[in-house]
Amino acid sequence: MIKLPDGEPYIAPPTVGRIVHYQPFHPIAPLAAIVTMVHDKHTVNLTVLNADGTTKPALNVAYSSIPSEGCWSWPR
């Protein structure tokens, strides 16, 4: 893991079109999602790809370094 000079871990900034994981509000595995808008380095809008092939929007989604309900994270 890359650390910044202040000791905080480096988190790659999200950009439109990147694939991330979205953790839904029910206990299933993370879902794939596409970043559709970046508000800031931790908050994005997503198009979430459901397991059945449908999509749904997720707006103003916060980043979490570990999978947390309603948050996005980088795939591991």
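See the structure printed just above.
Residues numbered from 1 in each chain as written. Predicted model: local features only at pLDDT ≥ 70, side-chain atom pairs only at ≥ 80, totals over all residues. Heavy atoms only, no water.

A. Local environment of the pairing of strand β1 (residues 19-22). Side chains Val20 and Tyr22 project from β1 onto a buried face, and the interleaved Ile19 and His21 project onto a face without burial. Sheet topology places β1 next to strand β2 (residues 31-38); 4 bridges connect them, and they run antiparallel. Following the sheet pairing, His21 is matched in β2 by Ala32. By the bridge criterion, 2 bridges tie β1 to strand β5 (residues 72-73) in an arrangement that is antiparallel. Looking at β5, one finds that Tyr22 is bridged to Trp72. (Buried < 20%, exposed > 50% of the residue type's maximum accessible area, 1.4 Å probe, protein only. Helix = DSSP H or I, 4+ residues; strand = E, 2+ residues; numbered from the N terminus. Pairing = 2+ DSSP bridges.)

B. Layout of the packing of aromatic side chains. Tallying each qualifying case throughout the model produces 2 aromatic pairs. Taking the centre distance of 4.8 Å and the plane angle of 65° together, the rings of Tyr63 and Trp72 count as edge-to-face. Taking 5.2 Å as the distance between ring centres and 85° as the angle between the ring planes, the aromatic pair formed by Trp72 and Trp74 counts as edge-to-face. Take Trp72 and Trp74: they sit in the same class, and that class is buried. Through pairs of rings, three or more aromatic residues link up here, namely Tyr63, Trp72 and Trp74. (Phe/Tyr/Trp six-rings, centres within 6.5 Å; stacked < 30°, edge-to-face > 60°.)

Just distances and angles here, no functional claims.
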